[in-house]
Amino acid sequence: KISTTNSYVVREIGKMENTQVTYDVAVVGGGVVGITIARSAVLAGHRVVLLEASPDLLTGASGSNSGIACTGVDAAEGTLERALIRDAIGQIRGFCRDHNVPNRPRGSLVCLWPRDVDDDASAGDVGNSHQHKLEEVARESWDAGDTHAAILNPNEVKALEPNLSPECQGAVHIKGEIVLDPWLFPIALLLQARENGLTVYTDFQYSASGSHFDEKEKVWTLQKKQSDVGDVPTTETKTSDLPVPGHIRAKVIINATGIDCDVIQSDTADVPPSTWTGRPRRGQYRIFNMTDETRFECPIQPVPNQYSKGIFVFGSLYNQIAVGPTALDQESRTDREPDDAVATQLSNLGTKTLPGLDPQADYVGEYVGIRPGTDKRDYQIHTYPERRWISAAGIRSTGLTASLGIGRYVAKSLLPTMMDISHEHANEDTTLAPLPSLDSIIADFKERNDGHVTLHGHAYRVTHPLTALGWKHHKSS
């Protein structure tokens, strides 16, 4: 009897034959986008390997987002981004239910504040200006597909969220938006993929210069950077399947490397250079403990503008308040050091929104994420069929929201354009892999006390601050 769960053939008597597997698909990048594409490809019947350069998954933008699944109101009409968000938002509730993913489906409040009223509005026009702005937000929500969005007057806002500042002039309740655990949601995607045959290698830093496409065989050889070859992770905290090989063979490469997607493609000689340029955008957050005076449920958003949805004030699933993100362009693709002046700005916004917040006494922590934007307004998901290469780039701040839609789009619409993809390993009955109870996960996290949890036989480092800080301060019910 033979098991072919990784790149080696393992016989029951324990002997290992170094027989190289050719995967149908190699996904490079272990963030939420790479994970969801790998899952969808596995569930479509492909033999898939997921490759991540870091020792841990979900360490880049996916480890520093807000965890709020939006409805697409900020994505321009007619864009691929909006289409994939709308596809995903229809799947998220069912996925969370089936996989036991913690979530809070209470919607968001897009609040109008005195500072949002036009400066040149006369006293008699202020009420009309308020109504006009709220109607505009509501109309955009309806157009985006959230037909249940409703305009609330100040009294209705107060009844819904009593601890919110009385300066709120009204709001649009976007009922389709959901607060998720930003780490457990993509981990649940991963667990189902692994349960159905996905191979995962971390500590595999893709070598663009060493990788090549065989024109005759129509197969890629993905080379691990030489400095890493021979490193065999053995500690009990490793996420990876073992041993990690020095190279991988695959019929298709999917480049899901986030902010470095353009660099990876342009540095790989056997594929055309990217037609976009990565533009890192910095998002800083501050986290506070939630008290009786600051308790609320709906994320609070400002009226968005053409550049940004603005800075949110929202509650995590673990009785903490997050203020952020900012949206500042920067040159560096790696600088995630918090800025003190921005931290003060975030604390001030927190107290303006929730007057009961004490930014010193309630402070828990802060973090900075770098969103993988580009010089284009829309997602940059491109195929190169002759080279059997797909790039999934420009998945800026909506990657978590759109993940299920992105995965389905790539697996169902793009992979079929590649030739000779084998389905011989398809499993007609895909297996669910629901998460254990949240209490047991948190108990394991605290008992291990090394930043990891064990799920379905693999150890994972909890890379998202909202999850890690929430669990650290969580009190058992």
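Residues numbered from 1 in each chain as written. Predicted model: local features only at pLDDT ≥ 70, side-chain atom pairs only at ≥ 80, totals over all residues. Heavy atoms only, no water.

*Asks:* Describe the pattern of salt bridges, naming the residues involved and giving the relevant values.
*Replies:* Summed over the entire model, instances satisfying the criterion amount to 16 salt bridges. Taking the shortest distance from any N to any O, the salt bridge between R333 and D262 comes out at 2.9 Å. Taken as a pair, R333 in the loop between β20 (328–329) and α7 (340–353) and D262 in helix α6 (residues 261–267) lie far apart in primary sequence, 71 residues in all. Classification of D262 as buried rests on a relative accessible area of 8%. A salt bridge links R281 to D329; the nearest nitrogen and oxygen atoms lie 3.0 Å apart. Residue R281 is located in strand β16 (residues 278–289), and its partner D329 is located in strand β20; the two are separated by 48 residues in the primary sequence. Residues participating in the shared-partner salt-bridge network are E215, K218 and R387. (Salt bridge = Lys/Arg side-chain N within 4 Å of Asp/Glu carboxyl O. Helix = DSSP H or I, 4+ residues; strand = E, 2+ residues; numbered from the N terminus. Buried < 20%, exposed > 50% of the residue type's maximum accessible area, 1.4 Å probe, protein only.)

*Asks:* Describe the packing of helix α1 (residues 32–43) against helix α8 (residues 399–414), and please don't skip the residues or the numbers.
*Replies:* The interhelical angle for the contact between α1 and α8, taken along N-to-C directions, is 35°, at an axis separation of 8 Å. Considering only the axes of α1 and α8, their crossing is right-handed. Along its contact with α1, which presents V32, V33, T36, I37, R39, S40 and A41, the element α8 presents G399, L400, S403, L404, I406, G407, R408, V410 and A411. Considered class by class, the residues forming the contact of α1 with α8 number 9 nonpolar, 5 polar and 2 charged. (Axes fitted to C-alpha atoms, helices over the stretch in contact; angles between N-to-C directions. Left-handed = near helix turned anticlockwise from the far one by under 90°. Contact = heavy atoms within 4.5 Å. Nonpolar A, V, L, I, M, F, W, Y, C, P; charged D, E, K, R; others polar.)

*Asks:* Break down the pairing of strand β4 (residues 22–28) for me, citing the residues and quoting the values.
*Replies:* By the criterion of burial, β4 is predominantly enclosed, with 6 of the 7 residues buried. Across 6 bridges, the pairing between β4 and strand β15 (residues 247–255) is parallel. In the sheet register, T22 faces β15, and the bridge partner there is R249. Bridge count for β4 against strand β5 (residues 48–51) is 4 bridges, and the pairing is parallel. Note on β5: the bridge partner recorded for V27 is L50. Assessed by its sense of winding, the connection that carries the chain from β4 through α1 to β5 is right-handed. (Pairing = 2+ DSSP bridges. Right-handed = clockwise from strand over helix to strand, strands pointing away.)

*Asks:* So what about helix α2 (residues 80–99)? Which residues, and what values?
*Replies:* Across its 20 residues, α2 extends 27 Å between first and last C-alpha, which sits within 8% of the 28 Å expected from 1.5 Å per residue. Its maximal kink placed at Q91, α2 deviates by approximately 35°. In the stretch just after α2, N100 is the one whose phi turns positive, near 65°. (Expected span 1.5 Å × (residues − 1). Bend = angle between axes of the 7 residues up to and from the residue.)

*Asks:* Describe helix α10 (residues 465–472), with residues and values.
*Replies:* Think of an α-helix as turning once every 3.6 residues; residues three or four places apart then point the same way. For α10, a buried count of 7 out of 8 residues is recorded, marking the element as mostly surrounded by other parts of the structure. Turning to α10, its buried residues number three or more, namely P465, L466, T467, A468, L469, G470 and W471.

*Asks:* Give a detailed account of the nonpolar core, specifying residues and quantitative values.
*Replies:* Formed by 64 residues in total, the largest nonpolar core has its most connected members in W183, F185, I406 and W471. In terms of residue count, the dominant contributor to this core is helix α5 (residues 184–195) (8 residues). Look past the residues within four positions of W183 in its chain and what remains in contact with it is L58, V453, L455, Y460, R461, V462, T463, H464, T467 and W471. Core analysis: the next-biggest nonpolar cluster, separate from the first, contains 24 residues, Y23, A208, I253 and C261 among them. (Core = buried A, V, L, I, M, F, W, Y, C linked by side-chain atoms within 4.5 Å.)

*Asks:* I'd love a proper account of unusual backbone geometry, names of residues and values included.
*Replies:* Following L242, the chain continues into P243 via a peptide bond in cis, with omega recorded as -5°. One can find P243 in the loop between β14 (219–224) and β15. That bond from G324 to P325 is cis: its omega, 5°, falls within 30 degrees of zero. In this structure, P325 sits in the loop between β19 (320–324) and β20.

*Asks:* Kindly report on the pairing of strand β10 (residues 171–174), identifying the contributing residues and their values.
*Replies:* Alternating residues of β10 divide into A171 and H173 and V172 and I174, and every residue in both groups is buried. As defined by bridge partners, strand β8 (residues 108–111) adjoins β10 across 4 bridges and the pair is classed as antiparallel. Note on β10: the bridge partner recorded for S108 is I174. Where strand β9 (residues 150–152) lies against β10, 3 bridges are found, and the strand directions are antiparallel. When the bridges of β10 are listed, I151 appears paired with V172.

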